[in-house]
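What follows is each chain in one-letter form.
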Amino acid sequence: CCFGCCGSCWPRYGMGARVHAKRQARFTEMLKDYERAAMEASARGDEGPAPTVFFAQWNVDHPEPDWVELIREEDRAEAAGRAS
């Protein structure tokens, strides 16, 4: 998988598909931040950020959560909301 799921997105149903969707959204956010940084540098007349350095720093600044636990917490909150 190009989103770095390391196989947890297969098969594409159930929890694997939900983890994949969260990772895909995170990856898209990182790309948008890179594009924004590159456009800002270009507007200043500077050279854009090196992609590998930018992405490495972005991952440090935005640590990846335990997606399975996050999804389970969301499910519990949704179930509690329905129960009340």
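Residues numbered from 1 in each chain as written. Predicted model: local features only at pLDDT ≥ 70, side-chain atom pairs only at ≥ 80, totals over all residues. Heavy atoms only, no water.

Novice: I'd like a rundown of the packing of helix α1 (residues 14-44) against helix α2 (residues 51-61), residues and numbers included.
Specialist: Between α1 and α2, the shortest axis-to-axis distance is 11 Å and the interhelical angle comes to 125°. Of the possible angle classes, the one that applies to α1 and α2 is oblique. In the packing of α1 onto α2, the handedness of the crossing is right-handed. In this structure, α1 uses Arg26, Glu29, Met30, Leu31, Asp33, Tyr34 and Ala37 to contact α2, whose residues at the interface are Pro51, Phe54, Phe55, Trp58 and Asn59. Within the contact of α1 with α2, the residues separate by chemical class into eight nonpolar, one polar and three charged. (Axes fitted to C-alpha atoms, helices over the stretch in contact; angles between N-to-C directions. Helix = DSSP H or I, 4+ residues; strand = E, 2+ residues; numbered from the N terminus. Parallel < 35°, antiparallel > 145°, perpendicular 65-115°, else oblique. Left-handed = near helix turned anticlockwise from the far one by under 90°. Contact = heavy atoms within 4.5 Å. Nonpolar A, V, L, I, M, F, W, Y, C, P; charged D, E, K, R; others polar.)

Novice: Account for the packing of α1 against helix α3 (residues 67-83), with residues named and values stated.
Specialist: Relative to each other, α1 and α3 sit at 105°, their axes nearing to 10 Å. Of the possible angle classes, the one that applies to α1 and α3 is roughly perpendicular. Of the residues in α3, those in contact with Met15, Arg18, Val19, Lys22, Arg23 and Arg26 of α1 are Trp67, Val68, Ile71, Arg72, Glu74 and Asp75.

Novice: So, the packing of aromatic side chains: which residues are in play, and what are the values?
Specialist: Taken as a whole and judged by the stated rule, the model has three aromatic pairs. With a centroid separation of 5.3 Å and 55° between ring planes, the pair formed by Tyr34 and Phe55 is classed as tilted. Of this pair, Tyr34 sits in helix α1 while Phe55 is found in helix α2, placing the two residues 21 residues apart along the sequence. A connected cluster of aromatic rings, assembled from ring pairs, spans Tyr34, Phe54 and Phe55. (Phe/Tyr/Trp six-rings, centres within 6.5 Å; stacked < 30°, edge-to-face > 60°.)

Novice: Tell me about the pattern of salt bridges, and name the residues and values.
Specialist: Scanning the model with the defined rule gives eight salt bridges in all. Lys22 is the salt-bridge partner of Glu74, the closest N and O atoms lying 2.8 Å from each other. Of this pair, Glu74 sits in helix α3 while Lys22 sits in helix α1, and the two are 52 residues apart along the sequence. Judged by its relative accessible area of 34%, Glu74 is partly exposed. As a salt-bridge pair, Arg26 and Glu64 come within 3.9 Å of each other at their nearest N and O atoms. One end of the pair, Arg26, is in helix α1; the other, Glu64, is in the loop between α2 and α3, with 38 residues separating them in the sequence. Overall, Glu64 belongs to the partly exposed group, its relative accessible area being 33%. One network of salt bridges, in which partners are shared, links Arg23, Arg26 and Glu64. (Salt bridge = Lys/Arg side-chain N within 4 Å of Asp/Glu carboxyl O. Buried < 20%, exposed > 50% of the residue type's maximum accessible area, 1.4 Å probe, protein only.)

Novice: I'd love a proper account of the nonpolar core, names of residues and values included.
Specialist: Met30, Tyr34, Ala37, Phe54 and Trp58 together form the largest nonpolar core, which totals five residues. Every element with two or more residues in this core is listed here: α1 and α2. Element by element, the count of residues in this core is highest for α1, at three residues. Aside from chain neighbours lying at most four places away, what touches Trp58 is Arg26, Glu29, Met30 and Asp33. (Core = buried A, V, L, I, M, F, W, Y, C linked by side-chain atoms within 4.5 Å.)

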